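Geometric and topological summary
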Amino acid sequence: MIPTIIVHGGAKTITDDKVAANNAGCTAAAEAGWAVLISGGTAAEAVEAATRVLEADPTFNAGLGATLNSDGEVELDAAIMEGSLCWGAIAAVQGIRHPISVARKIMDEKPRLLVARGGERFAIDCGAEMCKKEDLIVEEQWQQWKEDREVIDRPNTIGCVALDSSGILAAGTSTGGTTKQQQGRVGDTAIVGCGLYADNKIGACSTTGDGESIIPVVLAKTAIDFLSGDRHPDEAAQMAIDALASKVKGEAGCILIDRQGRVGWAYNSSHMACAYMTAGQEKVAAFTKK
């Protein structure tokens, strides 16, 4: 099986001054995941490694630099799923540097979704990297929140999909939600079938965008279903986004890998930061527009 990895930094509007940062961040994430894959690591390990890079980069809306909620605080959601249909998720948590790693620990122990204080207690008990909740706030996000200004370059959910040499697929997502969202709001990121999906017999998907639009159309599972009949992931991704647009309002995007290791992505926003790597490439391919 040909190892493959693809990451996204969110379906959004990317202003000219942030193109380089988005490309660099997605490239670094894809390289981190690729290093895991070529050393014989699993798809889940690669997804975790890549997502951690994006969570540590304030360019993106996950972990450090995530958007602030109605109370001016960072609340985080994350999930990971393997193609065996094993999964783990965490939502509405604070003070966790890498929610994707906590989601993976949940998956490895017992598939379930843990939220708020229960999720934070689990993170502490399993030795996750904790911090003061204020440590995840960056100056740019704080100023935008305090001044209540309209944000053109609106950060969005990040994610990763990987296929390892054993033919195992995995998908992951991580987010800080939407700017000034109500405290306790949970979007699509942590919900299997909506923010992510993985099935070793078909493919894997990670989504990004307006959760309230993604959830009712079950976007990730919809995209996976469109892979039937050996359809190329690019076409399946576009069909999923078209299906969303025909039913609800809202911006969204998705990345896909099928069981053959082919990649695809689509979005209906102005831009979508994306990068991928597979055997035969000399370096990671990165984009902010398709």
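What counts, and where the lines are drawn
Residue positions are counted from 1 within each chain, in the order its sequence is given. Since the coordinates come from a predicted model, pLDDT governs what is reported: local features require at least 70, and pairs of side-chain atoms require 80 or more to be given and counted, while whole-chain, interface and lining totals use all residues. To obtain the side-chain values, all non-hydrogen atoms of the structure were used and water was disregarded. Residue exposure (1.4 Å probe, protein chains only): buried if accessible area is under 20% of the type maximum, exposed if over 50%, otherwise partly exposed. Numbering goes from the N terminus for both helices and strands, where a helix is a DSSP run of H or I of at least four residues and a strand is a run of E of at least two. Whether two residues are in contact is decided by their heavy atoms, any of which lying within 4.5 Å being enough. An expected span of 1.5 Å times one less than the residue number is assigned to each helix. A fitted line through C-alpha atoms serves as each axis, taken over the contacting stretch for helices, and the angle formed by two N-to-C directions is quoted from 0 to 180°. Our angle categories are set so that under 35 degrees counts as roughly parallel, over 145 as roughly antiparallel, 65 to 115 as roughly perpendicular, and the remainder as oblique. Under the grouping applied here, Gly and all other residues not named as nonpolar or charged are polar, the nonpolar ones being Ala, Val, Leu, Ile, Met, Phe, Trp, Tyr, Cys and Pro and the charged ones Asp, Glu, Lys and Arg. For this analysis, a nonpolar core means a set of buried residues of the types Ala, Val, Leu, Ile, Met, Phe, Trp, Tyr and Cys, connected via side-chain atoms within 4.5 Å. The criterion for an aromatic pair is that two Phe, Tyr or Trp rings (for Trp, the six-membered ring) have centres within 6.5 Å, with stacked assigned to planes under 30 degrees apart, edge-to-face to planes over 60 apart and tilted to the rest. By definition here, charges over rings are those cases where NZ of Lys or CZ of Arg is within 6 Å of the ring centre and within 35 degrees of the ring normal. The way it works is a 1 Å grid over only the protein atoms, where trapped points that fit a 1.4 Å probe form a cavity and open points with protein on both sides within 12 Å along at least five of seven lines form a pocket, and then any residue with an atom within 4 Å of a point lines it. Grid points are joined across faces, edges and corners, and a volume is the space filled by probe spheres set on the points. Note on pairing: DSSP must find at least two bridges between two strands before they are called paired. Any carboxyl oxygen of Asp or Glu within 4 Å of a side-chain nitrogen of Lys or Arg constitutes a salt bridge here.

An unreviewed UniProt entry lists the chain under the name Isoaspartyl peptidase/L-asparaginase, from Nostoc cf. edaphicum LEGE 07299.

1. Focus on helix α3 (residues 99–109)
Where burial is concerned, most of α3 is hidden: 8 out of the 11 residues are buried. When we look at burial in α3, the residues that qualify are Pro99, Ile100, Ser101, Val102, Ala103, Arg104, Ile106 and Met107. Packed against the buried residues of α3 are α2 (43–55), β2 (76–82), β3 (87–93), β4 (113–115), α4 (116–125) and β6 (169–175).

2. Things to note about α2
The end-to-end C-alpha distance of α2, which contains 13 residues, comes to 18 Å, matching closely the 18 Å that a straight helix rising 1.5 Å per residue would cover. Every buried residue of α2 is listed here: Ala43, Ala44, Ala46, Val47, Glu48, Ala50, Thr51, Leu54 and Glu55. Looking at the packing, one finds that the buried side of α2 touches β1 (4–12), α1 (19–38), β2, α3, β5 (158–163) and β6.

3. Topic: the packing of α2 against α3
Orientation of α2 relative to α3, taken along the N-to-C sense of each, is 155°, at an axis distance of 8 Å. Taken together, the axes of α2 and α3 are roughly antiparallel relative to one another. Contact with α2, carried on its side by Ala44, Glu45, Glu48, Thr51, Arg52 and Glu55, involves Pro99, Ile100, Ser101, Arg104 and Met107 of α3 and no other residues of that element. Of the residues assigned to the contact of α2 with α3, the class counts are 4 nonpolar, 2 polar and 5 charged.

4. Some points on the nonpolar core
Grouped together as the largest cluster of nonpolar side chains are 42 residues, with contacts concentrated most on Ile6, Leu219, Leu256 and Trp265. Discounting chain neighbours no more than four positions away, the residues touching Leu256 are Ile6, Ala204, Cys205, Ala223, Ile224, Leu227, Pro233, Ala236, Ala237, Arg262, Val263 and Gly264. With 29 residues, the next largest nonpolar core counts Ala30, Leu37, Ala62 and Ala170 among its residues.

5. Quick notes on the packing of aromatic side chains
Inspection of every chain in the model, using the stated rule, returns 4 aromatic pairs. Ring plane angle 15° and centroid distance 5.4 Å describe the contact between Trp142 and Trp145, whose orientation is recorded as stacked. Of this pair, Trp142 and Trp145 both sit in helix α5 (residues 139–147), separated by 3 residues, roughly a single helical turn. According to the relative accessible area criterion, Trp142 is partly exposed, its value standing at 31%. When the centroid spacing of 6.2 Å and the interplanar angle of 15° are considered together, the rings of Tyr276 and Phe287 count as stacked. Of this pair, Tyr276 sits in strand β11 (residues 271–278) while Phe287 sits in strand β12 (residues 285–287), and the two are 11 residues apart along the sequence. Overall, Phe287 belongs to the partly exposed group, its relative accessible area being 28%. Joined through ring pairs, the aromatic side chains of Trp265, Tyr276 and Phe287 make up one cluster. Note that Lys180 overlies the ring of Trp145, its terminal NZ or CZ placed 5.1 Å from the centroid.

6. Quick look at empty space enclosed by the protein
With the rule as written, the count across this model stands at 1 cavity of 30 Å³ or more. Within this model, the largest cavity holds a volume of roughly 50 Å³. Taken together, Asn156, Thr157, Thr175, Gly177, Thr178, Arg185, Gly187, Asp188, Thr189, Gly209 and Gly211 form the lining of the largest cavity. Looking at the lining of the largest cavity residue by residue, the class counts come to no nonpolar, 9 polar and 2 charged.

7. Digging into the sheet that holds β12
The pairing of strands in a sheet comes from backbone hydrogen bonds and takes either a parallel or an antiparallel form. Taken in spatial order, the 8 strands of this open sheet run β4-β3-β2-β6-β5-β1-β11-β12, and their pairing is mixed. Each having just a single partner strand, β4 and β12 make up the two edges of the open sheet. Strand-to-strand twist of the sheet, defined as the mean angle between neighbouring strand axes without regard to direction, takes the value 10°. Sheet topology places β2 next to β3; 5 bridges connect them, and they run antiparallel. The residue bridging Ala78 from the neighbouring strand is Ile90, located in β3. Set on the sheet, α3 makes contact with β2, β3, β4 and β6; between it and β2 the angle comes to about 45°.

8. A look at the pattern of salt bridges
Between side chains of opposite charge, pairing is possible as soon as their charged atoms come close. Taken as a whole and assessed by the stated rule, the structure comprises 13 salt bridges. Put simply, Glu140 and Lys18 hold a salt bridge, and the shortest N to O gap is 2.6 Å. Of this pair, Glu140 sits in helix α5 while Lys18 sits in the loop between β1 and α1, and the two are 122 residues apart along the sequence. Among the ionic pairs, Lys290 bridges to Asp234, the shortest N-O distance being 2.5 Å. Of the two residues, Lys290 is situated in the segment after β12 and Asp234 in helix α8 (residues 233–247); the sequence distance between them amounts to 56 residues.

9. A look at the sheet that holds strand β7 (residues 196–199)
In spatial order, the strands read β7-β8-β9-β10; together these 4 strands make up an open sheet with antiparallel pairing. Lying at the two open borders of the sheet, with one neighbouring strand each, are β7 and β10 (263–267). Averaged over all pairs of adjacent strands, the angle between strand axes in this sheet comes to 10°, irrespective of strand direction. Alignment of strand β8 (residues 203–209) against strand β9 (residues 252–258), held across 7 bridges, turns out to be antiparallel.

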